[in-house]
Structures are given as structure tokens and as C-alpha cells.
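Chain and residue survey
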Amino acid sequence: MRVERAFDFAQSAYLNRGNEGGESFDFVQGAYLNRERFIHVSESKMSWEKGLNYCNGPNKTAGLLRIESQDDQIETERELERQKISGPVWVGLRQSRLFGFWIWSNGLFVGPWTNWRGGSAPEHQMSQHCGAIQKVNAFPPSNAKGRLRVFHRGVKDVIRTDAVNECKTNYTDLVTVYDQHDNMELSTLVSNAPANPSGWIGAYIGNRSKKCSNGDEVTYNQSFNMNCGETCCAAMKADGNWEAVQCSENKTFMCYKDVGRASYNYTLITEKKSWFEAQLHCRENHTDLVSIRNAEENERVKKARNENTDPFWIGLLEDSVEWNDGGQSAYRNWKSEYLQSQKTEAYMVKDEYWVKNNGEHYSLCYKSLIHVSSSNMSWEKALDYCNSQPNTSGLLRIESRDDHIEIERELKRQKISGPVWVGLRQSRLFGFWIWYNGLRVGPWTNWKGGSAPEHQISEHCGAIEKVNAQYKWCDKDCRSEFRVLCEGK
């Protein structure tokens, strides 16, 4: 069960829970996993109780499967992927009806490593009492607009300079388009315009530079020439070196998935696609095209290709697109006939494509509801600060992965690595974490290390900071002074 390297899959297996009656799930019952230095999957479906008896029976198995570490999880995913099982499938998880904590079928407590769907164990009064694994979408596009980011269309056709002024005066700026979901939402705004359905976006042609698909800063850059046209994309060769290729070429590609604890899993997709099609596939099914931060990661990605010798796409792009607000987006959706245009201003038309040209169009603006203080302060002063500003409603709460994506984009845009205070606070008496307004934290969490700090050894206030290029929650001394994230209104 212990492995030295791991690869990711199109979707990841997450811990789920079902009831313990004759019908295990509302939608489908599961097969069963158990182990004795191997993983066995039953052929038939049964309830959790029958699964317990089955795995303890004369089948050369040692009991229902326990998943005690990331390595166990990776090995389990590999076996399910090999057998093309998406689940749900029972494992040895069981909840105490009286106290609500989760244990394995042999009585051992669950943790510290867990992999619950949503980031934390289901709440006691709302949960079922038996645990299973099933596939869920790995990293869906952000849908936090409405809480942390709102799109607006201007009132009339204007030239780009006036569009920038309109957006900065009334909102935050011209919109940065981060993914296909954003693009579709903006296209709807454009299509509903009373006339001339087109709108300025924040993209413009500026200085040529390399960009990571996931918006990270480019920190590892092999010495190779990316002079293959207006837009060039990078592929890795069998020897681990990179080459520049026209992004429209079809190649296999490597996706990665953030599996917590500042580590990634890699999956080589053998279906051939263009770079931007590959980017969309990885974002829908994993996290993104693989971005390589150092020589060690380059070697791991090279090994993850297995026996494949063809060059495959990685998450590096070079072009001259910049965003008006400084956003770090590598999403593009140019109308093909305008890709080589020498015009420098970009707008969107109603069929979702982008055009490089000038003229007069509606402004497509966004308002960020994330406020970052300019000065450092303690957590207590941060609480007062966010409650006293005219355009903020309190310290920032992070209630979902969508919220986290928006916050990460804003921190990257402002080139902030942290720590920055958020509204997390720990009960000194009981040890549980709450938001500043008294709401319990969860079910989604994003703690450094995968779980909340232990009560007796933790600090009592929460912040966000960058850990190995990933933004994570961490406990900090409440007297420390950092910048602050407030929620706008």
C-alpha cells in the first residue's frame, strides 16, 4: 500500500457516506474493498453490514478497507481506475450514533489524514452512518460571483478608454476572464444588450511574457526559444526538455490535481487536443494543465508520462496578452481570424469569442467584494477595521472552494503571498474553529496539512498564506500583525 510516486485520474475518489439499511445509497449500491497487502473488490453489491461480514469471512481478506494515508488513497484510486469503478463502494468507515465521531471497522479512530467530500467529516445530526468512496468532480470552475465578485454591463457603447474609466469609477475594473464559466456569463450579458451585442473585456496586447495556465508566477523556465508565432505553448519531450509549439497542434497532455498537503498528482491524458482544449479538459476533470515550479517537479512530471515518448502539453503559454487589473489569467477564446491581428484592444461578441479591434462597445466590468487592507494589524484590530469601513461588512469568510478560488485570484492579482488575516477564530475552551460571526467552520476547509490544528498546540486566530505555491489556512498568534481580508458590500 505504500508507494513512492503517484499519478492522478480524470476524477478523484472521495469519502462519502450512506445509510446502513438494505439499500446502501439512493442511486446505486457499492461493491466492497478490503486488504491484506492488496485490494479486493467484491463482485456483488450488499449493505455495509453484509460487507463487513463478507470481508471478515473465508475470502483470504483481512476486513473492510482502511485508508490511513495519502499513499493508501493513491493506491485505492489506482485500483478503482484500473477496474473502471466510479463507486460508490463501501470501505470500513462507521460513525458513532451517540457521539458523532468516525471510526474504522476495527475500532481505530479516523485521522489525522482524511479525504472527505467537502473537506471535512459530515455533521453528526445531518449525516448517514456508514462510509464509502465515490468519484466527484475534482476542481469545478468558480461560481462565487454574487458573493465575492459581480459582473456588470455598461449603459452604452463607448471607446475602450471610456470603458476603463466607467468600470474603475463605478466598480473595480474591466473584467478579467478566468475560465469558460466566466466567458459564458459575460456572453449572456453581451447577448442581452439592447443593441450592438459586444463588450470590452480587460484583455489588451502588451508585453510578451510567459504565463502558467493556473495563474502561478513562472518560477522555473528552461532555456528554450518560444518564437513560434503570436501565441506559443510548451510541450515536454521524452527527455524532460521543453519545446515551443503552435498552440493549435493536437497533442497528448498532462493534468495535475491538488491533493492537499502541498502535493500534486499527475495524469497523462492520451487523447490528443489543442493546448486550449487540453486546458479546458484538465480544469473540468482535474485542477489544471500541469505547471512546473522547479527541476524536481520537472523530473516527477517526466516520470509520470510512463512509457509514452511523444511530446505532451504542459501548462506554459507565451503571448502578449495582459489584463487591465493585473489579473493572472491564461484563458483565451480568440476568434481564429483575429488571432494574428495587430490591433491591441479586445472585446467579446455574442457568440462568446474575442476580437482584436477598436470601435465602440459596452463596458464589461466587475466589482470585487474582497477588500485587502494596506496596513498590518493584529487579528482583534482587524476585526474592528473590517466592521468599521464604509464598504466592508466584516472579516472575510471562506465557505466553499468557489470562495477560495476567487480569493486566490485576488491575492495573485495583487501579488500577495501572505499571511493575511481572515475571520477564523478558535474556541480556547473547546478547541473548535468558528468564523468571527459565530458560524461553525465547514464542511469545506482548506487547512495547511489537511486538517485543523490540534487544540492544545495551536494558535487561536486564522490566516491564509502561500505554502509551496498553494494558498492554505493556518493558525497564527492573534497578536501578530498582518494585512487583512475583509468582505465587501
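As a reminder, the structure under discussion sits directly above these lines.
What you see is a predicted model; the values in this text were computed from it and never measured. (Residues numbered from 1 in each chain as written. Predicted model: local features only at pLDDT ≥ 70, side-chain atom pairs only at ≥ 80, totals over all residues. Heavy atoms only, no water.)

1. Description of the environment of Lys 237
Within the secondary structure layout, Lys 237 lies in the loop between strand E10 (232-236) and strand E11 (242-246). Setting aside its immediate chain neighbours within four residues, Lys 237 contacts Trp 242, Glu 243 and Pro 311. (Helix = DSSP H or I, 4+ residues; strand = E, 2+ residues; numbered from the N terminus. Contact = heavy atoms within 4.5 Å.)

2. As for the pattern of salt bridges
For the structure shown, the criterion picks out 28 salt bridges. Of the charged contacts, one joins Lys 210 and Glu 318 as a salt bridge, the two residues approaching to 3.0 Å between their closest N and O atoms. Separated by 108 residues along the polypeptide, Lys 210 in strand E9 (residues 198-212) and Glu 318 in strand E15 (residues 312-323) bring together distant segments of the chain. Residue classification places Lys 210 among the partly exposed positions, given a relative accessible area of 24%. According to the relative accessible area criterion, Glu 318 is buried, its value standing at 8%. (Salt bridge = Lys/Arg side-chain N within 4 Å of Asp/Glu carboxyl O. Buried < 20%, exposed > 50% of the residue type's maximum accessible area, 1.4 Å probe, protein only.)

3. Here's the deal with the state of the cysteines
A complete count under the given rule lists six disulfides for this structure. For Cys 228, the disulfide goes to Cys 232, at an S-S distance of 1.9 Å. The class of Cys 228 is buried, set by a relative accessible area of 17%. Its relative accessible area of 0% is what places Cys 232 among the buried residues. Look at the protein chain and number its bonded cysteines as they come in the sequence; the links are 1-8, 2-3, 4-5, 6-7, 9-12, 10-11. (Disulfide = S-S within 2.5 Å.)

4. A look at helix H1 (residues 48-56)
Listed in full, the buried residues belonging to H1 are Trp 48, Gly 51, Leu 52 and Cys 55. Along H1, the residues classed as buried sweep out an arc of 105 degrees about the axis, all on the same side. Facing away from the buried side of H1 by more than 90 degrees, the exposed set consists of Lys 50 and Asn 53. (Arc of directions from axis to C-beta.)

5. Examining the packing of aromatic side chains
If you walk through the whole model with that rule in mind, you get 13 aromatic pairs. Measuring from centroid to centroid gives 5.0 Å for Trp 275 and Phe 276, while their planes differ by 85 degrees, and the two rings are edge-to-face. What makes Trp 275 buried here is its relative accessible area of 0%. Its relative accessible area of 22% is what places Phe 276 among the partly exposed residues. (Phe/Tyr/Trp six-rings, centres within 6.5 Å; stacked < 30°, edge-to-face > 60°.)

6. Let's talk about the pairing of strand E4 (residues 89-95)
The element E4 is extensively covered by neighbouring structure, given that six of its seven residues are classed as buried. One ladder, built from three bridges, connects E4 with strand E5 (residues 102-104); its direction is antiparallel. The partner of Leu 93 across the bridge, within E5, is Trp 104. The antiparallel hairpin formed by E4 and E5 contains six residues in its connecting segment, where Gly 100 sits at a positive phi of about 90 degrees. (Pairing = 2+ DSSP bridges.)

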